[in-house]
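Chain residues, written in single-letter form:
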There are 4 protein chains.
Amino acid sequence: MTKFLSDNAAPVHPKVWEAMRAADEADNPYDGDTLSSELDARFTDLFGRECAAMWVATGTAANCLALATMCQPHGGVVCHEEAHIEVDEGGAPGFYLHGAKLMLCPGEGAKLTPSGIAELIDPIRDDVHQVQPHAVAITQASEYGLIYSREELDALQHFARSHGLGLHMDGARFANAAASLDGAAAYAAHGADSLAFGFIKNGGMSAEAVVLFDPERAELVKYRRKRAGHLQCKGRYLAAQILAMLEDDLWLANARHANAAAQSIAGGCEERLMHPVEANELFVRLSANERKALRAQGFEFYDWGADAARFVTAWNTRADDAEALGKAIASL
Amino acid sequence: MTKFLSDNAAPVHPKVWEAMRAADEADNPYDGDTLSSELDARFTDLFGRECAAMWVATGTAANCLALATMCQPHGGVVCHEEAHIEVDEGGAPGFYLHGAKLMLCPGEGAKLTPSGIAELIDPIRDDVHQVQPHAVAITQASEYGLIYSREELDALQHFARSHGLGLHMDGARFANAAASLDGAAAYAAHGADSLAFGFIKNGGMSAEAVVLFDPERAELVKYRRKRAGHLQCKGRYLAAQILAMLEDDLWLANARHANAAAQSIAGGCEERLMHPVEANELFVRLSANERKALRAQGFEFYDWGADAARFVTAWNTRADDAEALGKAIASL
Amino acid sequence: MTKFLSDNAAPVHPKVWEAMRAADEADNPYDGDTLSSELDARFTDLFGRECAAMWVATGTAANCLALATMCQPHGGVVCHEEAHIEVDEGGAPGFYLHGAKLMLCPGEGAKLTPSGIAELIDPIRDDVHQVQPHAVAITQASEYGLIYSREELDALQHFARSHGLGLHMDGARFANAAASLDGAAAYAAHGADSLAFGFIKNGGMSAEAVVLFDPERAELVKYRRKRAGHLQCKGRYLAAQILAMLEDDLWLANARHANAAAQSIAGGCEERLMHPVEANELFVRLSANERKALRAQGFEFYDWGADAARFVTAWNTRADDAEALGKAIASL
Amino acid sequence: MTKFLSDNAAPVHPKVWEAMRAADEADNPYDGDTLSSELDARFTDLFGRECAAMWVATGTAANCLALATMCQPHGGVVCHEEAHIEVDEGGAPGFYLHGAKLMLCPGEGAKLTPSGIAELIDPIRDDVHQVQPHAVAITQASEYGLIYSREELDALQHFARSHGLGLHMDGARFANAAASLDGAAAYAAHGADSLAFGFIKNGGMSAEAVVLFDPERAELVKYRRKRAGHLQCKGRYLAAQILAMLEDDLWLANARHANAAAQSIAGGCEERLMHPVEANELFVRLSANERKALRAQGFEFYDWGADAARFVTAWNTRADDAEALGKAIASL
């Protein structure tokens, strides 16, 4: 059985296991340990601008804690109508933001644009009867595996600042986005005030990073993380995962591998693609019979509506398997 | 350096590591994997009554999710004035219970009694101006390492039921309590509607269990767990930890070891003890100079106020070290 | 200056003033007074089914308190995408429901239909990643002044029950709806589990009623009302307003008057109407120049987008003024 | 029957009625009317420092909205253990502050002192496990009718500022406090960042004022007021009440009257007083038999525990009745 279901159940990378084992010796609990203390500096190096970074166990928590630094309970967060925070997080933003509203914006490929956001928020009257936007959340790579370019991010940053809005980036697949942008982390996160930097899909086990490009907001996140039950007492095992992923750019290598596998598949089905393949997800037009045929050959994947399928590659996808899938689709 | 600071930073037990590694092969994400699916049955066996069990990463989350099944946002939870949920969880109950109130009750050794609770809640007028109690939360073993006996639990259960209150048990050190009660899990959790069953302090890495003795409440916990960002996508690694701890009663063996170490220390300082030593914590009257002397011998521990110290043993405390500490105190 | 801006700033009806003055003598505070105690019985009479009724100062509070009886914090409330609770209540449902989600449904004339709701909620997967609907909220009369007929309500009730959803009715202009349905309150509220019965727009000053057709839910509303700071100590003045409105069906007489005035205007602009006029609101296609011309004649009203205007009549709209407005539009 | 139960059910003062009737003519809805627009200036005049003022219907809402400007959801508000916000507001602070914690402080006569607060908050470790205080709330006059002097307020302000805490004043009986301090509003509110200025007990019907001495915080209160369902559409009737009370210092005259009545009663029972009588409340040691005897003479009042009674005077207490009560107690 060859799985292209999702990257979210992939095994843990051997180097991550190693780092976790190496963290076994007792250290201070919570985030008082040596490894956790290194995070700020490591991410500051990576992004080339001062930042604060904290581990949490899920992207949902990472997104919500970051958004809490930007959006008051009576405000709103503009996001794509198919954004993960709207569609797949069980209402977590409503919980963490104490009832703030997600303001849903359409947009090609699950990406937001300044003009799209403007269309949504410009009609909002500046009075207390209407929830005012406080922040914008984008996803890099988007829910359809598309990448925001430096220019697009620049435009969004400019828009957000001129409207007094925070800009958060959901980076569940940030590594795949950065890999797609020549590995430039700073480039891929350009303009964001905060980033939920995902490591779990990319070879980690249980650690994502909340990265704040305004380190003064870290205190709020730290208090809220504890209050949300996300301050693990053996936090060193989470820090170890993240540090292992950053070491020698393992995060990028893994993501490049997954992206390459996606390209390999894409090579076999270009005319069927619903979206360009820019990261590690493919949305492919396939009839029910075609999907059946693929499954009969041992490929696992999710249906995407009635006439398509989603394939996701991961750090551990075998190149052979990807190639085989591409060929299988091409042969349909 | 011999650490008696806390059990919350102890290493992960080798068998837990093994089990995690064995879970590496991809399975369904979240809690749809084989291991997670076994939890209900395993805890039902353990407690001898039907229950639902779900992993979460922290005791704080476990406590709060369980309490959310019992306490409406406009209600209150009676707990000891020194309870962990009141003193050390950063206001998490206020967050998870949407503003419900902790109603603080005194009580010897951080334990609650029916009469103590009655004294607190009987004067509450049955009108909307006053927050009404919806639940009671106790800690087994208590914050001072004391155990609720079967009889005490029986009385609390009777009190809670007759007052229409849910009864939750914070079991961060439930294993130590059960070990102290001859290993009888059912006995140690008698009467509780829910239990936050701690594994992390006792050899786990990042998995506690929310155990609900009314399985119908599980759906609420599952939705709220997701909403709180606590539904990890690689949940099989958490289930693996718990199952490893339950296997061959590793949880009990570890707790017995820690308890024995505590008894060994206690043997050297009985007249100095502030509380009986019933689990793995010791609160010992020691002057500043005496503490200094102990630290000079390499013992690490926390001060407890101005005239005492707290020592905590763990699954990995060496018997020699415990004995040495006992002797060192005796020699002061 | 003849105002057709809104009914929400109309004067208080003389009989309401009288009743308030008559309540001046001290009685028990909060809702322990004689007048407040009469509400349950009065509404039970009116609707012909047992109900509990409580005053609050605004429709926003009434809607939210009622919805809190039906929707858990992790659930959702289906409402029209232009519903007042979504568009004009400053995020109050997010606050009162502790982060629950409004699930927006399109629908002609701001009315919901079972098929429209089904289209929205049927695709929601029955898993914890997606917010599940717990309730449906409709507005009677709708935001465009349209009435749900007995048959439509029947269908909605059937849909709601078969899907396990509560059914709430926002009745800010319930009186106008009932008046339009031959005065039958029971008929206009058919199928609803709760009703926010509006009196303020219709001649009251500061009292709406939360009407619960399942009186067992009253306790929750009472605790939540207090908790929201809506339990006024001199509540008898609010009860007095409501009782005065119910007395001799003043509420219906006032609403009939307003509806008749709306019909009178409608007579002059049928071909310009964006929606049928079924209550006391008119949405009329008028160019900027036409609106200017009307304003030059002393008529006050709100623009409705770029090419239309909204006119609202009230209990105190003078028949002459309505007629004059109808003629003025006809003459454009 | 002569009522000394509470001032919270007293009739509305004739001048307040007049002002409300005079507001009958339609004006802009919500707080866009002429009367509401005057509030900022009127309170600025009264207090001699720039302030923003908004009406709400209850003291509970006023307190909570003001506190929301000072205390984050993860923070705490220090208040007296018998403060109204803790004991009698049905958990409203937990709701409005999204789960923030009330931190209970003892203190003679329900008053707080810097040293009392310090004793409570100094032991709080500056780490995320413990809820940090964000604000202090005091009550002027206190729940036992005691007044904070200028010096005491000065000390509290100094303490609050030096600890980075906001200082809120619950002024349900602020008028009685100011009357007791020679009528100096500025003096009675000295040092506070916000004041819930009560008018209802003192002759109003349904309007209290949130007064913010930092007008920049007004926007937050306005958004939160709407979100809490407290922005009434016919707000001019609330503004009218407040303006009538301020006109010619009616608020002070009423309070002086009530205070004088309290003094008159106090004259008959000085040796029985549990607290000095500084405003309009008396707490009087009276056995069950004595209370029975007084009630037999037609006096109404609340028991205060087993051995005492509470008497409250109001703007409409007749001097004769107060004198009679004083004599009746003296004759026991």
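Residues numbered from 1 in each chain as written. Chains lettered and ligands numbered in written order. Predicted model: local features only at pLDDT ≥ 70, side-chain atom pairs only at ≥ 80, totals over all residues. Heavy atoms only, no water.

(A) A look at the UniProt feature "domain: Aromatic amino acid beta-eliminating lyase/threonine aldolase" (unreviewed entry) in chain A. Feature annotation in UniProt assigns "domain: Aromatic amino acid beta-eliminating lyase/threonine aldolase" (unreviewed entry) to the following positions: residues 4-284 of chain A. Between the first and last C-alpha atoms of residues 4-284 of chain A the distance is 13 Å; the span itself is 39% helix and 15% strand. (UniProt positions renumbered as here; feature names shortened; annotations may be inferred. Helix = DSSP H or I, 4+ residues; strand = E, 2+ residues; numbered from the N terminus.)

(B) Examining the environment of Arg272 of chain B more closely. All names here are of chain B. Note that Arg272 resides in the loop between helix H13 (250-266) and strand E9 (281-285). In this structure the C-alpha to C-alpha distance between Arg272 and Ala308, which are 36 residues apart in sequence, comes to 9.0 Å. Filtering out sequence-adjacent residues up to four positions away, Arg272 remains in contact with Phe283, Val284, Arg285, Leu286, Glu290, Ile329 and Leu332. (Contact = heavy atoms within 4.5 Å.)

(C) Here's a closer look at the domain arrangement of chain A. Residue and element names in this part refer to chain A. Taken domain by domain, chain A consists of domain 1 (2-8 + 250-330) and domain 2 (12-248). Put simply, the middle of domain 1 and the middle of domain 2, counted by C-alpha atoms, are 26 Å apart. Each partner contributes to the interface: domain 1 provides 21 residues, whereas domain 2 provides 33 residues. The junction of domain 1 with domain 2 conceals about 2,200 Å² of combined surface from both sides, 57% of it contributed by carbon and sulfur atoms. When residues of domain 1 are sorted by the area they lose upon contact with domain 2, Leu250, Trp251 and Trp315 head the list and together hold 37% of the total. For the pair domain 1 and domain 2, the interface holds two salt bridges. With a closest N to O distance of 3.2 Å, Arg173 and Glu281 form a salt bridge. For the pair domain 1 and domain 2, the interface holds 14 residue pairs in polar contact (both at pLDDT 80 or more). (Domains from an automatic or database assignment. Buried area = accessible area lost by both parts, 1.4 Å probe. Salt bridge = Lys/Arg side-chain N within 4 Å of Asp/Glu carboxyl O. Polar contact = N/O pair within 3.5 Å; in protein donor to acceptor, adjacent residues only side chain to side chain.)

(D) Highlighting the sheet that holds strand E11 (residues 302-303) of chain A. All names here are of chain A. The antiparallel open sheet is built from three strands, whose spatial order is E9-E12-E11. The sheet terminates laterally at strand E9 (281-285) and E11, the two strands that pair on one side only. The pairing of E9 with strand E12 (residues 308-312) spans five bridges and is classified as antiparallel. Paired with Glu281 across the two strands is Val312, which belongs to E12. (Pairing = 2+ DSSP bridges.)

(E) Highlighting the interface of chain D and chain B. Taken together, the contacts link 15 residues of chain D with 15 residues of chain B. Summing both partners gives a buried area of about 1,100 Å² for chain D against chain B, and 38% of it is carried by carbon and sulfur. The interface formed by chain D and chain B holds four salt bridges in total. With its nearest N and O atoms 3.0 Å apart, the salt bridge here joins Lys101 of chain B to Glu86 of chain D. At the junction of chain D and chain B, the tally comes to ten residue pairs in polar contact (both at pLDDT 80 or more). Here the residues of the side of chain D that touches chain B sort into three nonpolar, seven polar and five charged. (Nonpolar A, V, L, I, M, F, W, Y, C, P; charged D, E, K, R; others polar.)

(F) Focus on the sheet that holds strand E11 (residues 302-303) of chain C. Pairing in this open sheet of three strands is antiparallel, and the strands run E9-E12-E11 (chain C) from one edge to the other. Each edge of the open sheet is held by one strand with a lone partner, namely strand E9 (281-285) and E11 of chain C.

(G) Quick look at the side chain of His129 of chain A. Of note, His129 of chain A is situated in the loop between helix H7 (114-121) and strand E5 (132-139). Exposure remark for His129 of chain A: the relative accessible area of 11% places this residue in the buried category. In this structure, His129 of chain A is in contact with Val87, Asp88, Glu89 and Gly90 of chain C together with Tyr30, Lys226 and Leu231 of chain D, ignoring residues within four places of it in sequence. (Buried < 20%, exposed > 50% of the residue type's maximum accessible area, 1.4 Å probe, protein only.)

(H) Seen up close, the interface of chain A and chain B. Contacts between the two partners involve 44 residues from chain A and, on the opposite side, 44 residues from chain B. Both faces combined, the contact of chain A with chain B buries some 3,800 Å², and carbon together with sulfur accounts for 58% of it. Broken down residue by residue, the surface that chain A buries against chain B is led by Trp17, Phe95 and Lys234 of chain A, which jointly contribute 20%. At the junction of chain A with chain B, the criterion picks out zero salt bridges. In this assembly, chain A and chain B are joined by 29 residue pairs in polar contact (both at pLDDT 80 or more). Of all the secondary-structure elements, those providing two or more residues to the side of chain A that touches chain B are helix H1 (14-22), helix H4 (59-67), helix H6 (92-96), helix H11 (218-227) and helix H12 (236-246) of chain A. Top element by residues in the side of chain A that touches chain B is H6 of chain A. It accounts for four residues. The class makeup of the residues in the side of chain A that touches chain B is 20 nonpolar, 13 polar and eleven charged.

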